[in-house]
Amino acid sequence: MPRGRYSLHDPHDHTPLGEEHFHCAPGPSGWRYVSQLTTPSGDHAGSVDLALDELGRPIRLELHAASWQVRGAAIDGVTWVRTDPTGTHATEGNAPAHAFTGRSPAFLIATTRLLRLTPASPSTRVRLVAFTEPVLAPRTLDQSWALRNRETHTTDNGPLTVDEYQVTALDTGEQHTVHIAGDVVLAAPGIELEDLDSPPSM
């Protein structure tokens, strides 16, 4: 069960946004990721709880940030309920999308598990609903993912396969690179792996 810590920063001006302390593991029905987020000063800033089925579809998502909460799942596309800090104005949303995304590295892993790309796969388009901090506002976006390279490295714990993905935002054409080993993000825009207690689950 990988357990560790990511540092998060603004991908454009590198302003520190805090840290994400996580653990994740494959399970009998898929994969689960749980994390706690802290501000740069160390205060609690929210949490992520994401569970996927064996096909990589989100069967449960629970996000907390700045007293806002989102609960969602893959139902008729994706469906979610977003609750305000007072808890009195819950709003339900639905979109013809494949999955969710957001700032957490969990969503990058989830997208790769959903797409199941190989180096021979063509670029694949995916529609996602993003929840943006601090109020977890939903926004639908389209991306193109391609697995550009796969390398196996020798480590003390055995071979480690690292996948290099190219991700393109289809509304702006902006491209970035994501490096993933198993169920751990090694590097991505705004994300740095700072600490890992055990090897990734492959």
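Above this text is the structure in question.
Think of each chain on its own: its residues are numbered from 1, step by step along the sequence as written. Owing to the predicted nature of the model, reporting of local features is limited to residues with pLDDT of at least 70; listing and counting of side-chain atom pairs is limited to 80 or more, with chain, interface and lining totals taken over all residues. As a convention, hydrogens and water are excluded, and side-chain values are obtained from all of the structure's heavy atoms.

As for the pairing of strand β1 (residues 3-9)
- Only protein chains enter the accessibility calculation, which uses a 1.4 Å probe; a residue is then buried when its area is under 20% of its type maximum, exposed when over 50%, and partly exposed in between. Counting from the N terminus, the helices are the DSSP runs of H or I reaching at least four residues and the strands are the DSSP runs of E reaching at least two. When you tally the buried positions in β1, you get five out of seven residues, the bulk of the element.
- Only strands that DSSP links by at least two bridges are regarded as paired with each other. Relative to strand β2 (residues 16-27), β1 is paired through seven bridges, and the arrangement is antiparallel. Bridged to serine 7 within β2 is glutamate 19.
- Counted between consecutive antiparallel strands, the loop separating β1 from β2 contains six residues, among which histidine 14 sits at a positive phi close to 65 degrees.
- Where β1 lies against strand β15 (residues 191-196), five bridges are found, and the strand directions are antiparallel. Along β15, the bridge assignment pairs tyrosine 6 with leucine 193.

A word on the pairing of strand β3 (residues 30-38)
- Taking burial as the measure, the nine residues of β3 include seven buried ones, the bulk of the element.
- Bridge analysis of β2 against β3 gives nine bridges, and the strand direction is antiparallel. Each residue of the ladder has a partner; that of cysteine 24, found in β3, is tyrosine 33.
- With antiparallel pairing between neighbouring strands as the criterion, β2 and β3 make up a hairpin whose turn holds two residues.
- Direction of pairing for β3 relative to strand β4 (residues 44-53): antiparallel, over a ladder of nine bridges. When the sheet's bridge partners are listed, valine 34 is paired in β4 with aspartate 49.

Nothing here speaks to function; it is all geometry.
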